[in-house]
Protein chains: 2
Amino acid sequence: MSAADSVRSRAPAGGPARRFVVAGAQLGPIAREEDRASAVARMVAMMTEAAGQGAKLVVFPELALTSFFPRWWIEDPAALDAWFETEMPSPVTRPLFEAAVRLGVGFHLGYAELTREGRRFNTAILVGPDGAILGKYRKVHLPGHRGHEPWRPFQHLEKRYFEKGDLGFPVFDTGWSGVSGRLGMCVCNDRRWPETWRVLGLGGAELVMLGYNTPQHYPLAPEHDHLQYFHNELSVTAGCYQNGLWAVAVAKAGVEEGCELIGGSMIAAPTGEVVARAASSADEVICAEIDLDRCAEIRANIFDFARHRQPQDYGPITAAAGG
Amino acid sequence: MSAADSVRSRAPAGGPARRFVVAGAQLGPIAREEDRASAVARMVAMMTEAAGQGAKLVVFPELALTSFFPRWWIEDPAALDAWFETEMPSPVTRPLFEAAVRLGVGFHLGYAELTREGRRFNTAILVGPDGAILGKYRKVHLPGHRGHEPWRPFQHLEKRYFEKGDLGFPVFDTGWSGVSGRLGMCVCNDRRWPETWRVLGLGGAELVMLGYNTPQHYPLAPEHDHLQYFHNELSVTAGCYQNGLWAVAVAKAGVEEGCELIGGSMIAAPTGEVVARAASSADEVICAEIDLDRCAEIRANIFDFARHRQPQDYGPITAAAGG
């Protein structure tokens, strides 16, 4: 049986929990004025569609509840706060958690987190089919800039609006009936850094969930605009192959408030092969049956870390000065 | 001007040394009985051809002087020694050095090194157009196995025949008139490990030279045989993009002693784009004009290491236990 056949075939209902259907729920644009209730309703509709296709886990994008607000310079503290969640679930996000319980699916959600202590993070959570939050990740590699740069057609103020994540790259064991594996998360720009994938891989991750809001136009090097999707796919598929794990990479897509986002959500195998890909810039569910035991094809062989890695030669990677 | 145009255009003769033509000199099979003099003659012919195309630097493959002998179980110490070089240059390899001086080109050569102390390495050297050895690298990530595994159609005994390299991943400044840059090397399986590229990138490498002998058939996971070339390209292009550097990756290609090698030598840009690729499984020269200043398009922006890396979160990568 070829790798592709193996991925595409369907396990019997009630089959082993290492093999299950995962879904990516790509979001089309969310307008600045669109409220969270509307975004949540779109997500619940996709979660329902995914469950109808047998999905046990649904991955939503980065900052999925609102428009991508770091593109705007916001001076008023109250106006900035309004983009953040102060509790999870909240009255407005509770329908996602209720749908998870009703449908028997877990989900991954990205949102802007404001803690009781007033700290701000670009956060993702993993929620089980019992509606409980199993894991949390806070974005480590914040792109963009801190000051107002009016020359840009849009800002990218993640370094201003968020602190660097303080949770490292944790990996979570699911004990759910339909999903039994080690799951990790990262967010958007994190996926471009091989260190992200390697730390997750060394932590035993078998599936990495990630969301992204990636503009087609990169103001610092517009001569690379045509390469944005290529760089996304290159980063995700290399991370999968070099660590022998699955990934579900899910976009906010389409033209959002005048900013074109690349879309192209995908599910990639431990071989680096893309096994499912979105074909629109709108709300779209993609699904694939994945088998976490296939990680061993890579991790027990060419990338058997214990036999082949040479950490004593990697010192500069963790040295204090970047480069 | 698009990135591709920039790469393909030709600088004026005597132009700035940051912009020059580089060549990959892919070797077709070398039979077990073919002697070094014959292999060297093939390489001198390709060096001459490359110089005729304006190349200032020519990259030859891993273990370029002989057949890929780690595929054979060799018990007789003298028979094993016969595959190794005990001096460089030697009478039989001197024509390469003489050609470099005559043609005014530098070159990169992979070979099996036996030191005076009896140590064995899978080595690559960088030789200047003055015929002097400027730099040496010894392969860190040795693939394969130590014991005889007769079930395999061919052995892969690098872990038996070589010690792990003891030079780290050094980067060398060329002071040549035609090539002014920071050059690094790795060998074959090293290219699959993102740590290799990252350590070279942190060391300031702007161009990485590497050779490989990669079989189409991978006995441990034959279901991936059709992916061998994809994995090679994925590893090289991801390494280039994620570190903002050029690479010249050069194969021993074709069916060598019954073992099919993947070939497909390539030159890749800091954007991850492949700008030249071999189209045969035989001796073949590929050339591209490259501009080392283009590394900044990546390294000063999306992958500005000093601004964006987070080494404090990468600890597991250098922890003693692999995984």
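Values in this document were obtained by computation on a predicted structure and should not be read as measured data. (Residues numbered from 1 in each chain as written. Chains lettered and ligands numbered in written order. Predicted model: local features only at pLDDT ≥ 70, side-chain atom pairs only at ≥ 80, totals over all residues. Heavy atoms only, no water.)

1. Comments concerning the relation of the copies chain B and chain A
So, point 1. For these two chains of identical sequence, chain B goes onto chain A by a turn of 180° and a shift of 0.0 Å along the axis, with RMSD 0.0 Å. A rotation of that kind, with that shift, is consistent with a two-fold axis. (Least-squares fit on C-alpha atoms with pLDDT ≥ 70 in both.)

2. Observations concerning the environment of Pro-153 of chain A
All names here are of chain A.
So, point 1. Looking at where Pro-153 falls in the secondary structure, it is placed in the loop between β5 (133-138) and α5 (158-161).
So, point 2. Since its relative accessible area comes to 58%, Pro-153 is described here as exposed.
So, point 3. Placed 46 residues apart in sequence, Pro-153 and Phe-107 show a C-alpha to C-alpha distance of 34 Å.
So, point 4. When neighbours within four sequence positions are excluded, Pro-153 is seen to be in contact with His-217 and Pro-219. (Helix = DSSP H or I, 4+ residues; strand = E, 2+ residues; numbered from the N terminus. Buried < 20%, exposed > 50% of the residue type's maximum accessible area, 1.4 Å probe, protein only. Contact = heavy atoms within 4.5 Å.)

3. Observations concerning the nonpolar core
So, point 1. Core analysis: the largest hydrophobic core is formed by 122 residues, its most contacted members being Leu-207 and Ile-290 of chain A together with Leu-207 and Ile-290 of chain B.
So, point 2. Apart from the residues within four sequence positions on either side, Leu-207 of chain B is in contact with Phe-20, Leu-57, Arg-182, Leu-183, Gly-184, Leu-245, Trp-246, Ala-247, Val-248, Ile-290 and Leu-292 of chain B.
So, point 3. Counting residues in each nonpolar core, the second largest holds 31 residues, with Ala-51, Ala-55, Phe-60 and Cys-287 of chain A among its members. (Core = buried A, V, L, I, M, F, W, Y, C linked by side-chain atoms within 4.5 Å.)

4. Things to note about the UniProt feature "domain: CN hydrolase" (unreviewed entry) in chain A
So, point 1. UniProt annotation of "domain: CN hydrolase" (unreviewed entry) refers to residues 20-292 of chain A when read in the numbering used here.
So, point 2. Spanning residues 20-292 of chain A, this segment combines 22% helix with 29% strand, and its end C-alpha atoms are found 9 Å apart. (UniProt positions renumbered as here; feature names shortened; annotations may be inferred.)

5. Points about the sheet that holds strand β3 (residues 106-114) of chain A
Residue and element names in this part refer to chain A.
So, point 1. The strand order β5-β4-β3-β2-β1-β14 describes an open sheet built from 6 strands, whose pairing is mixed. Looking at strand neighbours, the two that pair on one side only are β5 and β14 (284-291), the edges of this open sheet. Ignoring which end each strand starts from, the neighbouring axes of this sheet average 25° apart.
So, point 2. Looking at chain direction, strand β2 (residues 55-59) and β3 are connected through 3 bridges and run parallel. Within β3, the residue paired with Val-59 across the bridge is His-108. (Pairing = 2+ DSSP bridges. Axes fitted to C-alpha atoms, helices over the stretch in contact; angles between N-to-C directions.)

6. Focus: the sheet that holds strand β4 (residues 120-127) of chain B
Residues and elements named next belong to chain B.
So, point 1. Here we have 6 strands laid out as an open sheet, ordered β5-β4-β3-β2-β1-β14, and mixed in their pairing. One side of each edge strand has no neighbouring strand; the edge strands of this open sheet are β5 (133-138) and β14 (284-291). Strand-to-strand twist in this sheet, taken as the mean axis angle between neighbours without regard to direction, amounts to 25°.
So, point 2. The pairing of strand β3 (residues 106-114) with β4 spans 8 bridges and is antiparallel. Following the sheet pairing, Leu-109 is matched in β4 by Ile-125.
So, point 3. Sheet strands in contact with helix α4 (residues 94-103) are β3, β4 and β5, and its direction is about 165° off that of β3.

7. Notes on the packing of aromatic side chains
So, point 1. The final tally for this structure, using the stated rule, is 24 aromatic pairs over all chains.
So, point 2. Between Tyr-137 of chain A and Phe-169 of chain A, the ring centres sit 5.6 Å apart and the planes meet at 20°, which makes this aromatic pair stacked. Here Tyr-137 of chain A, found in strand β5, pairs with Phe-169 of chain A, found in the loop between α5 and β6 (171-173); they are 32 residues apart in sequence, far enough to count as distant. Each member of the pair, Tyr-137 of chain A as well as Phe-169 of chain A, carries the same accessibility label: buried.
So, point 3. The rings of Phe-69, Trp-72, Trp-83, Phe-84, Tyr-161 and Phe-162 of chain A are connected pair by pair, giving a single aromatic cluster.
So, point 4. Here the guanidinium or amino end of Arg-32 of chain A rests over the ring plane of Trp-72 of chain A, the centre of that ring lying 4.0 Å away.
So, point 5. Here Arg-191 of chain B stacks its cationic end above the ring of Tyr-212 of chain B, 4.4 Å away from the centre of that ring. (Phe/Tyr/Trp six-rings, centres within 6.5 Å; stacked < 30°, edge-to-face > 60°. Lys NZ or Arg CZ within 6 Å of the ring centre and 35° of its normal.)

8. Description of the pairing of strand β11 (residues 259-262) of chain B
All names here are of chain B.
So, point 1. Both strand β10 (residues 253-256) and β11 contribute to a ladder of 4 bridges, which runs antiparallel. Within β11, the residue paired with Ala-253 across the bridge is Ile-262.
So, point 2. The hairpin turn running from β10 into β11, its antiparallel successor, is 2 residues long, and Glu-257 in that turn takes a positive phi close to 50°.

9. Things to note about empty space enclosed by the protein
So, point 1. According to the stated counting rule, one finds 6 cavities of 30 Å³ or more in the structure shown.
So, point 2. By volume, the largest cavity amounts to about 60 Å³.
So, point 3. Lining the largest cavity are Pro-194, Glu-195, Arg-198 and Ile-317 of chain A together with Pro-194, Glu-195, Arg-198 and Ile-317 of chain B.
So, point 4. Within the lining of the largest cavity, the residues separate by chemical class into 4 nonpolar, no polar and 4 charged. (1 Å grid on protein atoms, 1.4 Å probe; cavity = no way out; pocket = protein on both sides within 12 Å on 5 of 7 lines; lining within 4 Å. Points joined across faces, edges and corners; volume = space filled by probe spheres on them. Nonpolar A, V, L, I, M, F, W, Y, C, P; charged D, E, K, R; others polar.)

10. What to know about the pattern of salt bridges
All names here are of chain A.
So, point 1. The tally for this structure, following the rule as stated, stands at 48 salt bridges over all chains.
So, point 2. Arg-18 is the partner of Glu-206 in a salt bridge, and the nearest nitrogen-oxygen pair spans 2.7 Å. Taken together, the residues span a long stretch of sequence, with Glu-206 in the loop between α6 (194-202) and β8 (207-212) and Arg-18 in the loop between α1 (3-8) and β1 (19-26) at a distance of 188 residues.
So, point 3. When its relative accessible area of 22% is taken as the criterion, Arg-18 is described as partly exposed.
So, point 4. The residue Arg-119 makes a salt bridge to Asp-166 at a minimum N-O spacing of 3.4 Å. Here the residue Arg-119 occupies a position in the loop between β3 and β4 (120-127), and Asp-166 occupies one in the loop between α5 and β6, the gap between them amounting to 47 residues.
So, point 5. According to the relative accessible area criterion, Asp-166 is partly exposed, its value standing at 37%. (Salt bridge = Lys/Arg side-chain N within 4 Å of Asp/Glu carboxyl O.)

11. Considerations on the packing of helix α2 (residues 36-52) of chain B against α4 of chain B
Residue and element names in this part refer to chain B.
So, point 1. Two elements in contact, α2 and α4, have axes whose closest approach is 10 Å; the angle formed by their N-to-C orientations is 15°. Accordingly, the angle class assigned to the pair α2 and α4 is roughly parallel. Handedness of the crossing formed by α2 with α4: right-handed. The segment α2 lies against α4, with Val-40, Met-43, Val-44, Met-47, Thr-48 and Ala-51 engaging Pro-95, Leu-96, Ala-99, Ala-100, Arg-102 and Leu-103.
So, point 2. Taken together, the residues of the contact of α2 with α4 break down into 10 nonpolar, 1 polar and 1 charged. (Parallel < 35°, antiparallel > 145°, perpendicular 65-115°, else oblique. Left-handed = near helix turned anticlockwise from the far one by under 90°.)

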